[in-house]
Amino acid sequence: MQKGLSTWKAILAIFLGIAILVFAQGTSGLVKLLPLPEGITNAIFSCLYVSFTYLLIKLLCNKVLHTTMADCRITKPKVNPYWIACAIILPVGVSAILLSTPGNLVNNHLTVGQISNVVVIALFVVGLGAGVVEEMVFRGVIMRALERRWGKPIAILVPSVIFGLVHAIGANMNILDLLLLFVAGTSVGIMFSLIVYQSGSIWPSAVMHGIWNVIMIGGILDINAEYNADAIFSYELSSDSFFLTGGAFGVEASIIAVCGYISVIFLTLFLCKRKSRQ
């Protein structure tokens, strides 16, 4: 991707990136029409989702933006162990704090087949699929295009804001819910973006994103203001606090989660500063 990337190409990268995400998801979803067990179709869907997205982004890079995947920080998978540790500590810590507040833990006594489906969806669909695809799109091609046109601050902020807004599409929320989601979505987007800049690759942020999804929204242990009969374990929060429950979006937008995102942001800024001194 050349310096001096035109404004229209930078904007085009945003729209085509999101279009790729939607198209790859829809196309991969066709596998669910096959007469196969749900767990198998979900695993195949996830692999196709990642593969289609990768190929389409490569086409976008080569034919439209005239750059390489490596230039967009979509490199061979490699993650420093401290990012793996951070990826585990963040959701576990947020969950532990939420579990320490009043609530009701329910074991839904799902069948072995139901448990298997929940685990497959957690690991493959929301973990591998969503985690890798969204990082390739938002922190890969979109962030790099904006960086070349307007610099790092815009490249960090704009994809983070878009990332938050995308998660609000189709949600039935009032203005306070949307505001909380905007703050949380932007914070987590900035966190992922800074991790990519610090590491030079989308893979640490993809691991962080994927593990967060598995633990927080995978359905193995669901922590929310409402009871979830489809989760293996459901922890129904007793609190009526909008900031603790995260409002309509859930605990990912809670003040506990936002504090977790901000903590990792400061950690990443420290690592970036230390790296610049070496």
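Attention here is on the structure that accompanies the text. (Residues numbered from 1 in each chain as written. Predicted model: local features only at pLDDT ≥ 70, side-chain atom pairs only at ≥ 80, totals over all residues. Heavy atoms only, no water.)

## Digging into the overall build of the protein
Part 1 of the argument: Counting its secondary structure elements, the protein contains nine helices and three strands.
Part 2 of the argument: When the elements of the protein are put in sequence order from the N terminus, they spell out α-α-α-β-α-α-α-α-β-β-α-α.
Part 3 of the argument: Taking 278 residues into account, the globule formula puts the C-alpha radius of gyration at 19 Å, and the protein, at 19 Å, falls close to it.
Part 4 of the argument: In terms of principal-axis extent, the alpha carbons of the protein reach across some 55 × 50 × 40 Å.
Part 5 of the argument: Counting every position in the protein, which comprises 278 residues, the buried fraction comes to 47%.
Part 6 of the argument: Considering only contacts within the protein whose residues lie at least 6 apart along the sequence, 77% involve residues at least 24 apart. (Helix = DSSP H or I, 4+ residues; strand = E, 2+ residues; numbered from the N terminus. Rg over C-alpha atoms; globule rule 2.2 N^0.38 Å. Buried < 20%, exposed > 50% of the residue type's maximum accessible area, 1.4 Å probe, protein only. Contact = heavy atoms within 4.5 Å.)

## Thoughts on a nonpolar patch on the surface
Part 1 of the argument: A surface patch of nonpolar side chains, amounting to about 660 Å² of accessible area, comprises Leu 165, Ile 175, Leu 176, Leu 178, Leu 179, Phe 182 and Val 183.
Part 2 of the argument: Of note, Leu 178 is situated in helix H6 (residues 175–199). (Patch = residues over 30% accessible without salt bridge, like charges linked within 9 Å, V, L, I, M, F, W, Y side chains within 5 Å. Areas by Shrake-Rupley, 256 points an atom, 1.4 Å probe, with all protein chains shown as cover. Salt bridge = Lys/Arg side-chain N within 4 Å of Asp/Glu carboxyl O.)

## As for the side chain of Thr 41
Part 1 of the argument: Turning to its location among the elements, Thr 41 is positioned in helix H2 (residues 38–64).
Part 2 of the argument: Residues within four places of Thr 41 in sequence aside, it is in contact with Val 31, Lys 32, Leu 34 and Leu 36.

## What about the packing of H6 against helix H7 (residues 203–217)?
Part 1 of the argument: Between H6 and H7, the least distance of the axes is 7 Å, while the angle of their chain directions is 145 degrees. For the pair formed by H6 and H7, the contact residues are Met 191, Phe 192, Ile 195, Val 196 and Ser 199 on the first element and Pro 204, Ser 205, Met 208 and His 209 on the second.
Part 2 of the argument: Of the residues in the contact of H6 with H7, the class split is six nonpolar, three polar and no charged. (Axes fitted to C-alpha atoms, helices over the stretch in contact; angles between N-to-C directions. Nonpolar A, V, L, I, M, F, W, Y, C, P; charged D, E, K, R; others polar.)

## As for the pattern of salt bridges
Part 1 of the argument: Summed over the entire model, instances satisfying the criterion amount to five salt bridges.
Part 2 of the argument: Salt-bridge contacts for Glu 147 lead to Arg 73; the nearest nitrogen and oxygen are separated by 3.1 Å. Of this pair, Glu 147 sits in helix H4 (residues 112–150) while Arg 73 is found in the loop between H2 and helix H3 (81–99), placing the two residues 74 residues apart along the sequence.
Part 3 of the argument: You can call Arg 73 buried: its relative accessible area is 11%.
Part 4 of the argument: For Arg 139, the salt bridge goes to Glu 135, with nearest N and O atoms at 2.7 Å. Note that Arg 139 and Glu 135 are positioned in helix H4 at a spacing of four residues, about one turn of the helix.
Part 5 of the argument: Note on Arg 139: relative accessible area 0%, which makes it buried.
Part 6 of the argument: A relative accessible area of 0% means that Glu 135 is categorised as buried.
Part 7 of the argument: Members of the salt-bridge network, linked through shared partners, are Asp 71, Arg 73, Arg 144, Glu 147 and Arg 148.

## Observations regarding H7
Part 1 of the argument: With 15 residues, H7 ought to run about 21 Å at 1.5 Å a step, and its terminal C-alpha atoms sit 20 Å apart, in line with that.
Part 2 of the argument: Most of H7 sits inside the fold, with 11 of its 15 residues counted as buried.
Part 3 of the argument: Within the span of H7, buried status applies to Trp 203, Pro 204, Ser 205, Ala 206, Met 208, His 209, Gly 210, Trp 212, Asn 213, Val 214 and Met 216.
Part 4 of the argument: In the core, the buried residues of H7 are packed alongside H3, H4, helix H5 (152–166), H6 and helix H9 (255–277).
Part 5 of the argument: Phi for Gly 219, located one or two positions after H7, is positive at around 90 degrees. (Expected span 1.5 Å × (residues − 1).)

## Considerations on the packing of H4 against H7
Part 1 of the argument: Interaxial distance between H4 and H7 falls to 8 Å at its minimum, and their mutual angle equals 145 degrees. In this structure, the crossing between H4 and H7 has a hand that is right-handed. Taking contact as the criterion, the partners of Ala 122, Leu 123, Val 126, Gly 127, Ala 130, Gly 131, Val 132, Glu 134 and Glu 135 in H4 are, on H7, Trp 203, Ser 205, Ala 206, His 209, Gly 210, Asn 213, Val 214 and Ile 217.
Part 2 of the argument: Within the contact of H4 with H7, the residues separate by chemical class into nine nonpolar, six polar and two charged. (Left-handed = near helix turned anticlockwise from the far one by under 90°.)

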